[in-house]
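An overview of the molecular structure
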Amino acid sequence: MIALLGFAAGTVAAQASVSGRWHMRLSAGTGTLRGDLRLEQAGNSLRGTLVLESSDGPPVPLANGQVGPAGEVEFSVDAEESMRFSGRRTGSGLSGQVALDRGLVWRWSAERLPETAEFYAALPRFRASQLVIGRNLTELRLPGGWV
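Residues numbered from 1 in each chain as written. Predicted model: local features only at pLDDT ≥ 70, side-chain atom pairs only at ≥ 80, totals over all residues. Heavy atoms only, no water.

**Brief notes about the pairing of strand S3 (residues 45-52)**
Where we set the bar: Strand pairing follows a simple DSSP-based rule, namely that at least 2 bridges must link the two strands. The way it works is that DSSP assigns letters per residue, a run of H or I at least four long becomes a helix, a run of E at least two long becomes a strand, and they are numbered from the N terminus.
Of the pairings in the sheet, the one linking strand S2 (residues 31-42) to S3 comprises eight bridges and is antiparallel in character. Bridge pairing links Gln41 to Leu46 in S3. Counting the residues in the hairpin turn of S2 and S3 gives two residues, including Gly43, whose phi is positive at 65°. Bridge count between S3 and strand S4 (residues 60-67): four bridges; the pairing is antiparallel. For Leu46, the partnering residue across the bridge sits in S4 and is Gly65.

**A few points about the pairing of S4**
Examined bridge by bridge, S4 and strand S5 (residues 72-78) share four bridges and lie antiparallel to one another. Looking at the pairing, Leu62 lines up with Val77 of S5. What sits between the antiparallel neighbours S4 and S5 is a turn of four residues, in which Gly71 has the positive phi angle 90°.

**Structural notes on the side chain of Ser82**
Spelled out, the test is: Residue contacts follow a heavy-atom distance rule, with two residues in contact if any of their heavy atoms lie within 4.5 Å.
If you trace the backbone, Ser82 turns up in strand S6 (residues 82-90). With residues near it in sequence (within four places) discarded, Ser82 still touches Val77, Ala99, Leu100 and Asp101.

Right, dumping it as structure tokens:
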């Protein structure tokens, strides 16, 4: 009876939804790349988006996303190059491997973020066309080409 209860508790924990926002880290050789991973789970289907700190564009949609009965997670993204993620729930987080088209294999892990957390994997970019510094009669104008 105790073994059955332990099995049921483990199964329930493994089936907990992975939906939400995740702070992802990709360990690539000697460096670490951060990402903002957003997941939506419906049954064993998984969809969402990923933004990496090296990204200069909008969030990239996930493809082929699935969640297995024991907490396995698989998805792919077609970012700067195609990446295939596989992993599993590890306590309150996610971790696994990512295979790149170049034949490289990196490690990845993710921690759940509260929906209200301010986290930017890639800092917002903007372009200044002109800066005006000063007040009243003393004024300095810097054209956008100088900045």
